[in-house]
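Observations on chain architecture
Chain by chain, the residues run as shown.
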Amino acid sequence: MQNKGIIKLFAILFGLVSIYQLSFTFIANSVEEDAEAYAKQKISSEVQNYSSLREFEEGRYLDSVGNQEIFAGITYTTAKDKELNKGLDLKGGINVILQISVKDILRELSNNSKDPAFNKALARADELQKESQDDYVNLFFEAFEEIPDAKLASPDVFANKNLSDDINFEMSNAQVKPIIRKRIDESITSAFEVLRKRIDKFGVTQPNIQRLGNSGRILVELPGAKDIDRVKKLLQSTAQLEFWHVFKGQELAPFLAQANAKLKEMQAAKTEEATNDKAQDSTSTDQDIDDLIADAETDDAADIAKNNPLFSKLQPVAGQGPVLGTANIKDTAAVGAYLRMPQIRNLLPANQRYAKFVWGKPVNGNEFIDLYALKANKTNTPDLSGSVITNATQTYDQLGRIAVSMEMNGKGAKIWEEMTTVAFNNQSQIAIVLDDIVYSAPGISSGPISGGRSEITGSFTITEGQDLANVLRAGKLPASADIVQSEVVGPSLGQEAIDSGILSFAIALAFVLLWMVFYYGKAGLFADVALAVNILFIFGILAGLGAVLTLPGIAGIVLTIGMSVDANVLIFERIREELSKGKAQVDAIKDGFSNALSSILDANITTGLTGIILLVFGTGPIKGFATTLLIGICTSLFTAIFITRLFIDGYGKNGKSLDFATAATKNLFKNVNIKFIVKRKISYVVSGILVVASVAALLTTGLNQGVDFVGGRTYTVRFDKSVTASEIENKLIDVFGSAEAKTFGADNQLKITTKYKVEEEGTEVDNEISNMLFEALKADLPEGLTYEEFNLSSGEGHQVGVMSSMKVGPTIADDIKKASVWAVLGSLIVVFLYILFRFRKWQFSLGAVAAVFHDVVIILGVFSIAKGFMPFSMEIDQAFIAAILTVVGYSLNDTVVVFDRIREYFNEHTTWPFKKTINAALNSTISRTVNTSLTTLIVLLAIFIFGGESIRGFMFALIIGVLVGTYSSLFIATPIMYDTAKKKSDELLAKKEEEIEEEAIA
């Protein structure tokens, strides 16, 4: 091998750089362990809310030492920025995909148009989106074009004053569309920037936020985030800050009295109608009243509700202050509905006609909240909006209460001075409203406020004050943001995943190292050193690239360990063949490396192609798996071809003998003579039966599709004792209508899935379903466990309750399914073309693709048949698709090695019959096939047994795939290639003889 000095220098430098990159992770982890120990020592576990208090103390400790030098100029802050990132499944946290409402953006661009054609097109686009994968704006344009004579440039649609610089009345629809698309893209970009600013200030290390194409979707990953409810509020808050003049309580007191009397009259009329046994053809008003008045628990309560429908739920406050009354939180929906009824609003006098009723901010521990009436107008626009805010910080008011101080721009300062002047002169109040909730309504007692400074108070906690200031400073979202997909992992489950991942990694690595020494002796020891260097390179590159290490990523590394020995096995087997021919050791080593190179490159390139497809089409953890797989392929090629060669050449340069075998393995597989081609009909029959059975199972029982593909919510719930899945499932069906519960790992842990309200978005719906789940499981949970303790947000020490959760909306589920199908088809097409390019014969491509198709169908069949009785998840989800593509790569790896040997034998033995050439080539690869398949299977079994419940189904698919893939490369791919090429074998042989003669003459 030439240029050994350069290779040694590169390997040493690369190793040092990898160690340097990983040192940041070691330093950061060491400091964080010190911080954790400090927090545990300071805050006892007996203290209430000890988890959050410890987290606060850890943060203070890390802040205090953040800029202190630890080693060679490295501080904790610099180390944290460069450490190896851990993903959601290893660290806990939240991963969400937000859908920015393009519909809201269109409404805003149209100035909330009332145009019938515009609103009809929006409604039609909503319907089309349920069936289509196209962008919402394209669906809107498609629906708009269906309406005769409808013009986007109409003054009632987009040719309004807001867009007058870009759109005029004379433009055609085709001219308007690109302008609207550009404005929508700008709005989504604005939303992205707003979210990024909010997240940057949230305090989570290593956050990730990225746009997903042009769909209006934004991916947000916050590993390590513990307060999940806080995160969701921060991400979805539109931050619609408004300042309104507000009515005094005494001004609305007469109206409230009239409203109460009117409701009593309406209720009496309904009661009389029922008494007279008239037909219950209720009007919508009657039905509303039925729905709003709750069933009374006592006769006295019923009498009160009957005589005072409104005042039984709202306690009026008729004073100089802005509060109209107070109500129990559970009654706010009913009171709001009463006040929105047309019959009630008609009672408002002319000067109060546009009054807007809103509730105050709930105070922690208080079940009652205040009602306010804003002085709104016909267009419902506030006197001053939050767009004028230039800065906001969390501060304290004069009484030491937590507050948010704001600064306004010049325009805002002028309007604010005018508003405070009016409030001071009338001795009235100004309501500060955020997202339709009154945070405070202060009076102006010291004269008009100039300069644009103001303050919000409202019983905040410190984190609430910080979050509000953060949101106001970042600005409001241009449209609502719905969580269409989310995954939440508790920190306890993340730590368990780390422990199981390390255990599986250690077991797999130990086996591979021992096996290589057992089978190849000292040469195997050199391969082990190269493997250790390979692992160092993989982790160093991951750290250097800032990649995220996930549990599937660890699986990818462990799988790489199993597959990376394949290159060394190929090399060692070829050297053994050369030695058996009587060649000198130096020549045998040289020829062995040279002859194995083609197979190694072909095998790794085909696997790499499927890895690239995974990287392109996959999301989240699947990208992590693909990333580590691709990095592992590159590093294993370098270490096997160069590092191993350095050690072998160095050992043998002084004439030392290297056998590449041990006494136990020296003669293994030496005289194997299996007649593969003769027995191909048997393999056809066996494979035919397996494929037919698989197809029959798929057509009859189908597959257990996960929420990734059908939408829904899934929760991993842990109990303090063993539970029966079927009994829990029946309880859940009673609550949700449809639900599924399966044992997930130990007998005290279930995976619960439901499609209840899957099409409804919003934090309120998520909280509602979470509460329903808690109530349904309450009898099986420890006595006294609260909802907060049951939920993920309970933090450190969370060992009972929801350990992880996931939600996928139906629209994004369709997108995931479609992308998965394209990923599988794309991999088959790419592989077909590559093999056609490498072997120049379509028969090789056909054999390879047929074998891969055979493998995929059988794996699907196994999952279809076994889904009902396997003690682990057999769902078809994104991880399963990753497994399928990995199997495709592995099967092709095997097939390409076999095809390479056939091509080599075909060139060497020009006079042999076609059948003999193929049989001899296949038999010569048996040792390599057994070694590679065995090591890979043992590695996969180690991950399957010890690697954690969340990837057990993924590993099972890979195990089946390796078994079937090894079989198909020998008994399906090659026989099909033979049967399609045998008629031309004589012609091919003659052509080969001509080529050899021409080479001899030349």
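Definitions and limits used
Residues numbered from 1 in each chain as written. Predicted model: local features only at pLDDT ≥ 70, side-chain atom pairs only at ≥ 80, totals over all residues. Heavy atoms only, no water. Helix = DSSP H or I, 4+ residues; strand = E, 2+ residues; numbered from the N terminus. Buried < 20%, exposed > 50% of the residue type's maximum accessible area, 1.4 Å probe, protein only. Contact = heavy atoms within 4.5 Å. Axes fitted to C-alpha atoms, helices over the stretch in contact; angles between N-to-C directions. Parallel < 35°, antiparallel > 145°, perpendicular 65-115°, else oblique. Left-handed = near helix turned anticlockwise from the far one by under 90°. Nonpolar A, V, L, I, M, F, W, Y, C, P; charged D, E, K, R; others polar. Core = buried A, V, L, I, M, F, W, Y, C linked by side-chain atoms within 4.5 Å. Polar contact = N/O pair within 3.5 Å; in protein donor to acceptor, adjacent residues only side chain to side chain. Expected span 1.5 Å × (residues − 1). Bend = angle between axes of the 7 residues up to and from the residue. pLDDT = per-residue confidence, 0-100. Pairing = 2+ DSSP bridges. Salt bridge = Lys/Arg side-chain N within 4 Å of Asp/Glu carboxyl O. Patch = residues over 30% accessible without salt bridge, like charges linked within 9 Å, V, L, I, M, F, W, Y side chains within 5 Å. Areas by Shrake-Rupley, 256 points an atom, 1.4 Å probe, with all protein chains shown as cover. Phe/Tyr/Trp six-rings, centres within 6.5 Å; stacked < 30°, edge-to-face > 60°. Lys NZ or Arg CZ within 6 Å of the ring centre and 35° of its normal.

Next up on the list: the overall build of the protein chain. When its secondary structure is counted, the protein chain shows 33 helices and 23 strands. Taking all 1002 residues of the protein chain together, the buried fraction comes to 52%. Restricting to contacts in the protein chain with at least 6 residues of sequence separation, those with at least 24 account for 74%.

This part is about the packing of helix H20 (residues 585-617) against helix H29 (residues 878-908). Across the interface, H20 lies against H29 with an axial gap of 8 Å and an inter-helix angle of 160°. In terms of their interaxial angle, H20 and H29 are classed as roughly antiparallel. Seen along the crossing, H20 lies across H29 with a hand that is right-handed. Side by side, H20 and H29 meet where Ser 598, Ser 599, Asp 602, Ala 603, Thr 606, Thr 607, Thr 610, Ile 613 and Leu 614 of the first sit next to Ala 882, Leu 885, Thr 886, Val 888, Gly 889, Leu 892, Asn 893, Val 896, Val 897, Asp 900 and Arg 903 of the second. In terms of residue class, the contact of H20 with H29 is built from nine nonpolar, eight polar and three charged.

Residues Phe 572, Ile 835 and Phe 899 are the most contacted members of the largest nonpolar core, which totals 119 residues. Not counting residues within four places of it along the chain, the set of residues in contact with Phe 899 comprises Phe 839, Phe 844, Ala 848, Ala 973, Thr 974 and Met 977. Of all hydrophobic cores here, the second largest spans 51 residues; its members include Leu 98, Leu 163, Val 220 and Leu 222.

This part takes up the environment of Thr 662. By the secondary structure assignment, Thr 662 is in the loop between helix H21 (621-652) and helix H22 (680-700). Accessibility expressed as a relative area gives 22% for Thr 662, which makes it partly exposed. Spatially, the C-alpha atoms of Thr 662 and Gly 524 are 9.9 Å apart, while their sequence positions differ by 138 residues. In this view, Thr 662 contacts Val 517, Phe 518, Tyr 519, Tyr 520 and Gly 521; residues no more than four positions away in its chain are not counted. A distance of 2.8 Å separates the side chain of Thr 662 from the backbone oxygen of Phe 518, its partner in a polar contact.

With 30 residues, helix H32 (residues 952-981) ought to run about 44 Å at 1.5 Å a step, and its terminal C-alpha atoms sit 41 Å apart, in line with that. Within H32, the axis deviates most sharply at Ser 968, by approximately 50°. Among the 30 residues in H32, 25 count as buried, and that is most of the element.

The subject of this paragraph is the confidence of the model for the protein chain. With 85% of its residues at a pLDDT of 70 or more, the protein chain has an overall mean of 79. Predicted confidence in the protein chain is weakest over helix H11 (residues 284-292), with a mean pLDDT of 46, and strongest over H22, with 91. Note on residues 278-301: pLDDT is under 50 here. Beyond four places in sequence and across chains, it has 24 contacts.

Strand order in this open sheet of eight strands is E5-E6-E4-E18-E23-E20-E22-E21, and the pairing throughout is antiparallel. Among the strands making up the open sheet, the edge pair consists of strand E5 (208-212) and strand E21 (739-743). Taken over all neighbouring pairs, the strand axes of this sheet differ in orientation by 20° on average, direction set aside.

Time to look at the pattern of salt bridges. Per the stated rule, a full pass over the model turns up 27 salt bridges. A salt bridge links Glu 265 to Lys 262; the nearest nitrogen and oxygen atoms lie 3.9 Å apart. Taken together, the positions of Glu 265 and Lys 262, both in helix H10 (residues 249-275) and three residues apart, correspond to about one turn of that helix. Lys 262 gets classed as partly exposed once you look at its relative accessible area, which sits at 26%. Among the salt bridges present, the one from Arg 928 reaches Asp 894, with a minimum N-O distance of 2.5 Å. With Arg 928 in helix H31 (residues 926-946) and Asp 894 in helix H29, this residue pair connects regions lying 34 residues apart in the sequence. Each member of the pair, Arg 928 as well as Asp 894, carries the same accessibility label: buried. In the salt-bridge network here, residues are joined through shared partners; they are Arg 574, Glu 577, Arg 901 and Glu 904.

Counting through the fold element by element, Thr 753 comes out in strand E22 (residues 749-754). Residue Thr 753 is classed as buried on the basis of its relative accessible area of 15%. Of the polar contacts made by the side chain of Thr 753, one reaches the side chain of Thr 714; its length is 3.4 Å. Aside from chain neighbours lying at most four places away, what touches Thr 753 is Val 707, Arg 713, Thr 714, Ala 739, Glu 740 and Glu 875.

Before going further, it helps to examine a nonpolar patch on the surface. There is a patch of nonpolar side chains on the surface, built from Ile 612, Val 616, Phe 617, Val 821, Trp 822, Leu 825, Ile 829 and Leu 833 and spanning about 780 Å² of accessible area. Elements with a contribution of two residues or more to the nonpolar patch: H20 and helix H27 (810-839). For the nonpolar patch, the leading source of residues is H27, giving five residues. As for its placement among the helices and strands, Leu 833 is situated in helix H27.

Across all of its chains, the model carries 31 aromatic pairs by this definition. Aromatic pair Phe 537 and Phe 638: ring centres 6.2 Å apart, planes at 40°, arrangement tilted. Taken as a pair, Phe 537 in helix H18 (residues 522-545) and Phe 638 in helix H21 lie far apart in primary sequence, 101 residues in all. For the pair shown, Phe 537 and Phe 638 are each scored as buried. For Phe 638, a relative accessible area of 18% puts it in the buried group. By way of ring pairs, the aromatic residues Phe 511, Trp 515, Phe 518, Tyr 519, Tyr 520, Phe 572 and Phe 660 are connected into one cluster. Directly above the ring of Phe 593 sits Arg 645, whose terminal nitrogen or CZ lies 4.7 Å from the centroid. A cation over a ring is seen here: Lys 916 above Trp 912, with NZ or CZ 4.4 Å from the ring centre.

Along the chain, Asp 115 turns up in the loop between helix H5 (102-109) and helix H6 (116-129). In this structure the side chain of Asp 115 is engaged in a polar contact, spanning 3.0 Å, whose partner is the backbone nitrogen of Phe 118. Sequence-distant contacts of Asp 115, defined by excluding residues within four places in its chain, comprise Asp 156 and Val 157.

Our focus in this paragraph is the pairing of strand E11 (residues 368-374). Among the seven residues in E11, five count as buried, and that is most of the element. As defined by bridge partners, strand E9 (residues 325-328) adjoins E11 across four bridges and the pair is classed as antiparallel. Across the sheet, Thr 326 pairs through a bridge with Asp 370, a residue of E11. As judged from the four bridges shared by strand E10 (residues 356-360) and E11, these two strands associate in the antiparallel manner. Counterpart to Val 358 in the pairing with E11 is Tyr 372.

This part is about unusual backbone geometry. Even without being a glycine, Asn 112 presents a positive backbone phi close to 55°. Phi angles above zero are rare outside glycine, and Gln 427 is one such case at about 50°. Its location among the elements puts Gln 427 in the loop between helix H15 (410-426) and strand E15 (429-434).

The subject of this paragraph is the environment of Ala 334. Summarising the element assignment, Ala 334 is placed in helix H13 (residues 332-340). Note on Ala 334: relative accessible area 9%, which makes it buried. Here the alpha-carbon distance between Ala 334 and Leu 314, two residues 20 residues apart in the chain, equals 9.8 Å.

Two numbers describe how H5 lies on H6: the axes approach to 11 Å, and their chain directions differ by 175°. In terms of orientation, H5 lies roughly antiparallel with respect to H6. From H5, Lys 103, Leu 106 and Arg 107 reach across to H6, where they touch Phe 118, Asn 119, Leu 122 and Asp 126. When its residues are assigned to classes, the contact of H5 with H6 shows three nonpolar, one polar and three charged.

Its 39 residues give helix H1 (residues 4-42) an end-to-end C-alpha distance of 57 Å, which sits within 8% of 57 Å, the value for a rise of 1.5 Å per residue. Within the span of H1, buried status applies to Ile 7, Ala 11, Gly 15, Ser 18, Gln 21, Phe 24, Thr 25, Ile 27, Ala 28, Val 31, Ala 35 and Ala 39.

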